[in-house]
Structures are given as structure tokens and as C-alpha cells.
Amino acid sequence: MIRETLGMSLIFLGIAFDFFGVLGLVRLPDVYNRLQAATKCVTFGSAGVLLGVFILKGFTPFGFKALLGIVFIFLASPVAAHVIARAAHRTNIPLTPSTVTDQYADDQKTQKK
Amino acid sequence: MTVQNKSRLTVFVLAVLVWAALTDIRKIEELIIGLVVAAIVSLLAGKFFLTGERRQRLWRRVGYGVYYLIHFIWEMIKANVHVAYLVIHPRVPIKPGIIKIKTNLSRETALTVLANSITLTPGTLTIDIDPAKKILYIHWIDVQSTTVEESTRQIGGRFEAILMEVFE
């Protein structure tokens, strides 16, 4: 009973954070800001859902797969975000006008000279 | 036994154990497939697991690793609440920018973990690493300082000291 309550609330919490991630994807201005929402909330939300599944199922093959899924998401998601952000910057996708500073572009200009 | 073969054997044993946890190991078909897959994996990628370097003060480092994990999960929860707040707020109060921070870590593993941790914690996203100059370029959703020293203290300072203990 306690186990089901805990598992279900984790799953709902995860779905809530997934929702915030998607909302951020729509509301934030440029690629980089959107990646921030997409990596953080979606990683945490999906990990929450998987952890909930693990608590519901326990140490069965089913629950263990959920645990393994958490590890893979934690390893893969930041790497993917890093690659997308770097590729976007290298192909000169502009930052939103409210951006304060871009020291990455400054450094690359000085290197080319 | 050479280091590489030792590493392959370790990977093989671990892979079989993981397979046993994932499937119903009592069926003979599952067991055979598991052994074959584990053998292929350990032959192809097994040599990267153990590097044969001298490892000192292992338990101390494992302890710091666990401490790091707890610290990291707490920072991550804060990151998520922060992004959720930004997204719900009617005016979306962001002040984005790309800044750079310096790091003292030199090992590749340590740099990778640092970069990934920065990506998953409040308002920051690693864009590029310059291993030669030890500089990380970071997209910050709410820029609070533009000098390298201040940013290093605010972003890298959260993890660097602990990672230093774990990896160096």
C-alpha cells in the first residue's frame, strides 16, 4: 500500500516535471535556453517516472530495467545537449537579443586572427 | 594476465550479472544468448574498463563519490524547481549569456563528469571544453557575473572540490 502510494506519487511528480520541460521548450526564446529546459526537466522527470516504476515492481527483471534506464538517461542526456548546443553555435545560430554576453564567440574570433 | 585481458574478464562477469538481473535466467535460451552477447561486448569494448593505474586510498574516494552523488541530486532538484519557476512566470525572467570558467581538473573522466554535472544543475549548460587551456564555455540562463573568476566560483565551485578528491 505504502509502496504503491510512493511509486505512484513519484510517477506523477515525474510527469509534472516532464510537462514543465515541454512548456519551457515552447516558451523560452532560443535554442540554448530551450535545451536548458529540455535537458534538466526531462531528465529529472523521466528519472522520476522510472524510479516510480522501480518502486512499484521491486527487484524483478521489470524493475531492474527501469533502474538501468535511469543510468542511461543520466549519461546520455547531458552529452546530447552539449553536442546540440556546440553544433548550433558553430553553425552561427543566433542567440536571443536579450543575451548579455557571448565569450565563446569572442574567444573564437581571437583564435582565428 | 595482462591488464587488458583482466579488464575484459571483469566486463564479461559484470555483463553476465546484469543480464541475469534483466531476464529470467532459468531458461537455457536466455542464458546462452546472455553468454554470447557478454562475450562479444567484452571482446569489443572490454579493454577500456580497467586502466591498470595505481589506485590509492580507494575507500576514501568511494566515500567522496557517494557524497558527490547526494550533493549532485540535491543540486539537480534545485535546478528543476528553478527551471519550472522560470517557465511558469508570466514574463519568463531570463538573462542568458555564454560565459567561461576555469577548472583545475586535468583527467578526462573528471572533466566529463564536471561538464555533465554542470549541464544538469541550475541554469547552466556546457557548450564546449578547451582541455589545453582548461576552460569550459557555459551557457547560463541567468547571468550573474561576467568575469571568469566570479563565474568559476559560482558554477564550478559547487563540484570541483569534491571531484578533485574523487578523481585526482
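Everything quoted here is computed from the prediction, not taken from an experiment. Note that residues are indexed from 1 along each chain, following the sequence as it is written. Numbering of ligands from 1 and lettering of chains from A proceed in the order in which they are written. This being a predicted model, a pLDDT of at least 70 is required before a residue's local features are given, and a value of 80 or more before pairs of side-chain atoms are given or counted; all residues contribute to the totals for chains, interfaces and linings. With hydrogens and water stripped out, all remaining heavy atoms of the structure feed into the side-chain values.

**Q** Is there a simple way to think about the overall build of chain B in this case?
**A** Think of it this way: any DSSP run of H or I at least four residues long counts as a helix, any run of E at least two long counts as a strand, and we number them from the N terminus. Along chain B, the regular secondary structure elements total six helices and three strands. Put simply, chain B runs from its N terminus to its C terminus through helices and strands in the order α-α-α-β-α-β-β-α-α. For chain B, whose C-alpha radius of gyration is 21 Å, the value lies well above the compact-globule estimate of 15 Å for 168 residues. Here chain B, with 168 residues, has 40% of them falling under the buried criterion. Every residue pair with non-hydrogen atoms within 4.5 Å of one another is taken to be in contact. Counted over contacts in chain B with a minimum sequence separation of 6, partners at least 24 positions apart contribute 69%. A gap of 4 Å separates the mean positions of the 20 positive and 14 negative side-chain charges of chain B. We take the radius of gyration over the C-alpha atoms and set the globule estimate at 2.2 Å times the residue count to the 0.38 power. Under the scheme applied here, a residue whose accessible area is under 20% of the maximum for its type counts as buried, over 50% as exposed, and between as partly exposed, the area being computed with a 1.4 Å probe on protein chains only. Charge convention: Lys and Arg are scored as positive, Asp and Glu as negative, and His as well as the terminal groups of each chain are ignored. To locate a charge, take NZ of a lysine, CZ of an arginine, CG of an aspartate or CD of a glutamate.

**Q** Could you clarify how one ought to interpret the interface of chain B and chain A in this entry?
**A** For an interface, size is often stated in terms of accessible area lost upon the parts coming together. The partner chain A presents 42 residues to the 44 residues of chain B that form the contact. Accessible area, probed at 1.4 Å, shrinks when two parts are joined; the buried area is that loss added up over both. Regarding the contact of chain B and chain A, the summed buried area is about 3,600 Å², with carbon and sulfur atoms giving 68% of it. Its largest share of buried area at the contact with chain A, chain B owes to Leu22, Val87 and Ile98 of chain B, together 17% of the area lost on that side. By definition here, a salt bridge exists when the distance from a side-chain nitrogen of Lys or Arg to a carboxyl oxygen of Asp or Glu is within 4 Å. Taken together, the connections running from chain B to chain A amount to one salt bridge. For aspartate 128 of chain B, the salt bridge is made with arginine 86 of chain A, and the minimal N-O distance between the two is 2.9 Å. Here a polar contact is taken to be a pair of N or O atoms separated by no more than 3.5 Å, where protein atoms must pair a possible hydrogen donor with a possible acceptor and residues adjacent in sequence count only if both atoms sit in side chains. Inspection of the chain B/chain A interface yields four residue pairs in polar contact (both at pLDDT 80 or more). If you tally residues by element for the side of chain B that touches chain A, the top one is helix 3 (residues 58-88) of chain B, at ten residues. Here the term charged refers only to Asp, Glu, Lys and Arg, the term nonpolar to Ala, Val, Leu, Ile, Met, Phe, Trp, Tyr, Cys and Pro, and the term polar to all other amino acids, Gly among them. The residue makeup of the side of chain B that touches chain A, split by class, is 26 nonpolar, twelve polar and six charged.

**Q** Whenever I open this one, the packing of helix 1 (residues 3-22) of chain B against helix 2 (residues 28-45) of chain B confuses me. Can you help?
**A** Helix packing geometry: the angle between the two helix axes and the distance between the axes. Residue and element names in this part refer to chain B. A fitted line through C-alpha atoms represents every axis, and for helices the fit uses only the stretch in contact; the resulting angles, taken between N-to-C directions, go from 0 to 180 degrees. Running from N to C, helix 1 and helix 2 cross one another at 145°; their axes reach a closest spacing of 9 Å. As for how helix 1 packs across helix 2, the hand of that crossing is right-handed. Residues Arg8, Val11, Phe12, Ala15, Val16 and Trp19 of helix 1 pack against Glu30, Ile33, Gly34, Leu35, Ala38, Ala39, Val41, Ser42 and Leu43 of helix 2. Counted by class, the contact of helix 1 with helix 2 contains eleven nonpolar, two polar and two charged residues. Two helices cross in a left-handed way if the nearer one is turned anticlockwise from the farther one by less than a right angle. They cross in a right-handed way if the turn is clockwise.

**Q** Which parts of the structure should I look at to understand the packing of aromatic side chains?
**A** When the centres of two rings from Phe, Tyr and Trp lie within 6.5 Å, Trp using its six-membered ring, the rings pair. Their planes under 30 degrees apart give stacked, over 60 give edge-to-face, and anything left gives tilted. Considering all chains together, one arrives at five aromatic pairs over all chains under this definition. With a centroid separation of 5.3 Å and 80° between ring planes, the pair formed by phenylalanine 17 of chain A and phenylalanine 44 of chain A is classed as edge-to-face. Of this pair, phenylalanine 17 of chain A sits in helix 1 (residues 2-27) while phenylalanine 44 of chain A is found in helix 2 (residues 31-57), placing the two residues 27 residues apart along the sequence. With respect to burial, phenylalanine 17 of chain A and phenylalanine 44 of chain A carry one shared label: buried. Ring geometry for phenylalanine 74 of chain A versus phenylalanine 72 of chain B: centroids 6.3 Å apart, planes at 75°, classification edge-to-face.

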